[in-house]
Amino acid sequence: MVSKEVWPLLLSHFRAKKPLHGRFRLGLLISIGCGAASPADASLADALNAEHFRARLTATVDLFNGGLNGTSGFGAYSGPETFDATWNGWAQPNLGRQFNFRVAYTPENHVIGQSRAVYINAVAANATGDPSGRFALTADRGADFLQSAAWDNTHGGYFWGVRSDGQNPPTPATRGIWGPQMQQKDAYGAVQPVLALATTAQATGDAAHYQAALSSWVFFKAQHSDAGDGFAGGYDAGFDRDYAGYIDGDRGIRNLDYMLHTFEAAMALYDAAPPVDRPALAADIENLGDHIVTYMVQDDPTSWNGNAYTRASVPWLYNTDWTTGDTVTHPEGGSFSNWTSPGHQFEFATFLSRGVERGFGDQSWLDAGEKLVEHGLHYAFRTYDQDADPEADYASVNYDRLNLDGSSTGYSQGVVWWPQLEAARALAHWAVVRGRTDWEDEALLMVDTVADKLTDPVYDGMFERLDPDTLGPTGGSITGFKAHPWKVNYHTAMYFEEMLRLAEWLAAVLPGDYDGSGQVEQGDLDIVLQNWGTGTFTGDEAALVGGAFDGTVDQNELDGVLQNWGSTATPDLAAITAPEPATLGLLALLGLPRRRRF
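This one's a predicted model, so the numbers in the text were calculated from it and none came from an experiment.

Q: Help me out: how do you make sense of the packing of aromatic side chains in this one?
A: Centre distance and the angle of the planes are the two values used to describe a pair of aromatic rings. The full count for this structure, using the stated rule, is 22 aromatic pairs. With 6.4 Å between their ring centres and 85 degrees between their planes, Phe83 and Trp87 make a pair best called edge-to-face. On the basis of relative accessible area, Phe83 is assigned to the buried category, the value being 15%. Using a relative accessible area of 8% as the deciding quantity, one classes Trp87 as buried. When the ring of Trp304 is compared with that of Tyr309, the centres are 4.9 Å apart and the planes differ by 65 degrees; the resulting orientation is edge-to-face.

This is the structure we're talking about:
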């Protein structure tokens, strides 16, 4: 029951609130990330309409599969939205702005491009829930080609290069673009197929794809694991075809890039795995995440606030003992300059939080993720005032590379497409799932940039880069690629997929319904007050769908009750699977004042 001393405070608080305001504002944040909408023309219906995000995801994948008329793109379609049953599964990687064959015949892709072509189709198939539709058929055929053309039947592992004719082992063709790299075994090229195959297994229900992903993972661990040197979650970099020597250059050094995608692939494999395989994969994921936060995440010494470091980065390169510094040594000799990558830091932050959602890791993963976002916002984030408005209209991540102290390396390719998508995804994710309301404005700015600046207004898809001063497309973007072996809609699909996921959460969870009754009323208020100030809710209510907690029972939970007092859930709560885990920060977004960082 509520004490007499508490009621006056609660009543005055309640009268000052505007029901649903916070929920509308968050829904608005999400809706504007997937089209040309802006705050002025968005509506509550838009905010809670997950189909909008699904449509954006599937539209972009259709363009990559078949181009504007259905007969170009990857070459997978014979007409608009029509899978071509004669397609051999090889994804044409060289597409211009109109998704046409920029070069009439490019005989080679690499395993990253092929894997990502498979992956985006599997994501689209999962989003539509159709295991036999055009996206599932494209993913299935592309996955079969990936296995037959890229897996080394002699030494094991995936070749770096993939030829259009499926030649195995691949050799450079007349117009070859990879040369001797075709047969190398890069760690990055080992784990991207695991991601693609595991996601395809989920999309199609084909156990063969899961088994291929699992066996690929087991082989990767056998060849690349650093467990024997005392690093259970660390993995080695790239090798020659027979694993006898290292790849030259910085690709042969332990690095951030493949470790991030190893973490991503392991979680995707876990999602696709049957119960019997999950314990071993869970251990792999725990070891990976712990390794990342223990050895790879480096605190920014200038961010000490007297109590803790508030910013951290992930350097690009590491020595064989997982130490790092301004220069790092190749295992076979020679040193290389080091740097950090803001885009990858935002990406790491998302994956660390998603790992905790799946039940892995601990608070150290979330602490590391927060510090990585703070580092990116502090050193690489830029806001733009387009209309002399005191609040900036857009923002961007303006640096591909930074020195370890956060200063610019002088290396710049403009505002590159994928860091913008990763920053927008991370900020929206942390605002919704982890209750970081102080990042909501930055998220709004970034999703506006994605929708209004990065998205090609004529042909759709994402420009490759923008001018850092005007946020307009550069000459290279106008005449350049929509796809090359790296730019295959991968980051775009992940962005739309996450925004769709967040939108579905908002539509499914009634904030403040802690007792699962389908209505926010006295019972929910009692639960908050009985648990006030504790680390988590206690009792049976902790497992209920309506319990969108932020980790500490405080003003945020109270706001969730008071702003939605008397509200009734529209979905059938009993039929909803609780978001992972139950401790979401969703309610922290309700009714709180908006704060700007700049």
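Q: Just checking my understanding: could you explain the nonpolar core for this structure?
A: Trp217, Phe263 and Leu269 are the most contacted members of the largest nonpolar core, which has 145 residues in total. For this core, the leading source of residues is helix α9 (residues 256-272), giving 12 residues. Ignoring sequence-local partners within four residues, the contact set of Trp217 consists of Val194, Tyr235, Thr262, Ala266, Leu269, Leu281, Asp284 and Leu288. Grouped together as the second largest cluster of nonpolar side chains are 9 residues, Tyr514, Val520, Val528 and Leu562 included.

Q: Any chance you could explain the environment of Thr302 here in plain terms?
A: With respect to the helices and strands, the residue Thr302 is situated in the loop between β7 (298-299) and β8 (312-313). By relative accessible area, which is 55% here, Thr302 ends up exposed. With 103 residues separating them along the chain, Thr302 and Asp405 place their C-alpha atoms 8.6 Å apart. Beyond its immediate sequence surroundings of up to four residues, Thr302 is in contact with Arg311 and Tyr379. Among the polar contacts made by the side chain of Thr302, one reaches the side chain of Asp300 at a distance of 3.0 Å. Within the local environment of Thr302, its side chain forms a polar contact with the side chain of Tyr379, the two groups lying 3.2 Å apart.

Q: How should a negative patch on the surface be read in this particular structure?
A: A cluster of acidic residues, Asp240, Asp242, Asp248 and Glu332, forms a negative patch at the surface. With respect to the secondary-structure elements, Asp240 resides in the loop between α8 (207-224) and β6 (254-255).

Q: Can you help me understand the pattern of salt bridges in this one?
A: Pairing is possible between side chains of opposite charge, provided their charged atoms come close. Under the defined criterion, the tally for this structure stands at 25 salt bridges. The salt bridge involving Asp460 is made with Arg56; its shortest N-O contact spans 2.9 Å. Taken together, the positions of Asp460 in the loop between α14 (440-454) and β15 (465-466) and Arg56 in helix α4 (residues 50-66) put the pair 404 residues apart, joining distant regions of the chain. Each member of the pair, Asp460 together with Arg56, is buried. With a shortest N-O distance of 2.7 Å, Arg97 and Asp456 are connected by a salt bridge. With a gap of 359 residues between them, Arg97 in the loop between β3 (95-96) and β4 (108-110) and Asp456 in the loop between α14 and β15 connect regions that are remote in the sequence. Residue Arg97 shares its accessibility class with Asp456, and that shared class is buried. Here the salt bridges do not stand alone but share partners, grouping Arg354, Glu357, Glu498 and Arg501 into one network.

How each quantity is defined
Residues numbered from 1 in each chain as written. Predicted model: local features only at pLDDT ≥ 70, side-chain atom pairs only at ≥ 80, totals over all residues. Heavy atoms only, no water. Phe/Tyr/Trp six-rings, centres within 6.5 Å; stacked < 30°, edge-to-face > 60°. Buried < 20%, exposed > 50% of the residue type's maximum accessible area, 1.4 Å probe, protein only. Core = buried A, V, L, I, M, F, W, Y, C linked by side-chain atoms within 4.5 Å. Helix = DSSP H or I, 4+ residues; strand = E, 2+ residues; numbered from the N terminus. Contact = heavy atoms within 4.5 Å. Polar contact = N/O pair within 3.5 Å; in protein donor to acceptor, adjacent residues only side chain to side chain. Patch = residues over 30% accessible without salt bridge, like charges linked within 9 Å, V, L, I, M, F, W, Y side chains within 5 Å. Areas by Shrake-Rupley, 256 points an atom, 1.4 Å probe, with all protein chains shown as cover. Salt bridge = Lys/Arg side-chain N within 4 Å of Asp/Glu carboxyl O. Lys, Arg positive; Asp, Glu negative; His and termini not counted. Charge placed at Lys NZ, Arg CZ, Asp CG, Glu CD.

These values are about where atoms sit, not about what they do.
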